[in-house]
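Fold and geometry: a report
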Amino acid sequence: MSDPEKSVLDWLRDAHAMEQQSEQMLTGEIKRLEHYPQLKARLEEHIEETRGQQQLLQQCIERLGGSTSSIKDASAKLMAFGQAASGMFVSDEVVKGAMSAYVFENMEIASYTVLIAAAKVTGDSETQRICEQILPQEVAMAEWLRNHLPSLTENFLDRKADPDVTAKR
Ligand code: MG
Ligand code: FE
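Procedures and definitions
The residue count restarts for each chain, going from 1 along the sequence in the order it is written. Chain A is the first chain written and ligand 1 is the first ligand written, with later ones labelled in order. Local features in this predicted model are restricted to residues whose pLDDT is 70 or higher, and side-chain atom pairs enter the listing and the counts only when it is 80 or higher, whereas totals over whole chains, interfaces and linings include all residues. Heavy atoms throughout the structure, all of them, feed into the side-chain values; hydrogens and water do not. A donor here means any N, O or S atom no more than 2.8 Å from the metal (3.2 Å for Na, K and Ca); water is not included, so a site may seem to lack partners. Irregular is the default label, applied whenever a site is not tetrahedral (four donors, all angles between 85 and 135 degrees) and neither square planar nor octahedral (four or six donors, opposite donors over 155 degrees apart, all other angles between 65 and 115). The helix and strand labels rest on DSSP assignments: H or I over at least four residues marks a helix, E over at least two residues marks a strand, and numbering proceeds from the N terminus. For every residue, the accessible area (1.4 Å probe, protein chains only) is compared with the maximum for its type, and the residue is labelled buried under 20%, exposed over 50%, or partly exposed between those bounds. By definition, a salt bridge exists where a carboxyl oxygen of Asp or Glu is found within 4 Å of a side-chain nitrogen of Lys or Arg.

With distances of 2.0 to 2.2 Å, the protein atoms coordinating the iron ion (ligand 2) are His46 (NE2), Glu105 (OE), Glu108 (OE) and Glu138 (OE). Geometry at the iron ion (ligand 2) is irregular, judged from the four donor atoms that bind it and their angles of 73 to 167° at the metal. All donors of the iron ion (ligand 2) belong to a single chain; written as a sequence motif, their spacing is H-x58-E-x2-E-x29-E. Between the two metal centres, the iron ion (ligand 2) and the magnesium ion (ligand 1), the spacing is 2.9 Å, with Glu138 acting as a shared donor. Of this pair, Glu105 and Glu108 both sit in helix H4 (residues 93-122), separated by three residues, roughly a single helical turn. Judged by its relative accessible area of 0%, Glu108 falls in the buried class.

Next comes the structure, spelled out in structure tokens:
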């Protein structure tokens with residue numbers, strides 16, 4: 001295996017661990033959301049996409065003769081738990097959660113952009129095709145979050161001003 005091919009495989013494994021972390025974080029957030037049905041529905045939709053992405057990445061990794069790193073995947077899950085847990089006690093949980101999700105989606109966009117470029121270098125058209133299939137899902141999720149951050153913020157502040165309703169989640 002050439003050096004660039006090793007890099008592609010490493011980055012595919014990183015992406016797989018990242019998608020596991022993503023699933024974990026989205027699951028944690030969705031479980032806690034009560035008063036923001038639109039956000040919840042969009043995140044639920046993205047969890048399905050995220051699970052599909054994990055399978056596609058797994059296929060790429062196995063095709064290249066690798067296996068997913070259970071250590072990396074386990075630490076990704078632990079990190080996600082830490083992040084989800086740390087968000088639970090802040091009074092603006094829903095806003096912080098949406099901001100974190102936006103940042104995370106942009107990290108995913110960067111990862112697939114790198115993978116596509118690397119797969120072009122090694123002539124791995126299947127990895128390229130799969131990453132080009134995943135990338136628009138991440139772009140759409142990031143765009144959605146950015147477009148909805150203003151209304152989410154307004155909604156949160158409205159609820160916060162009303163002593164009879166819960167704002168934080
Ligand atoms: Mg993803
Ligand atoms: Fe994503």
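Let us keep going from here.
All right, on to the coordination of the magnesium ion (ligand 1) then. In a perfect tetrahedron of four donors around a metal, the angles come out at 109.5 degrees. In a perfect octahedron of six, they are 90 or 180 degrees. The coordination sphere of the magnesium ion (ligand 1), as far as protein atoms go, consists of Glu19 (OE), Glu19 (OE), Gln53 (OE1) and Glu138 (OE), spread over 1.9 to 2.3 Å. Read in sequence order, the donor residues coordinating the magnesium ion (ligand 1) give the pattern E-x33-Q-x84-E.

The next thing to look at is the pattern of salt bridges. Using the criterion set out here, one finds 11 salt bridges in the structure. Between Glu34 and Arg169 there is a salt bridge, with the nearest N and O atoms lying 3.2 Å from each other. Here Glu34 is found in the loop between helix H1 (3-32) and helix H2 (37-63), whereas its partner Arg169 is found in the segment after helix H5 (125-161), with 135 residues between them in sequence. Residue Asp92 pairs with Lys96 through a salt bridge whose shortest N-O separation is 2.6 Å. By relative accessible area, which is 40% here, Lys96 ends up partly exposed.

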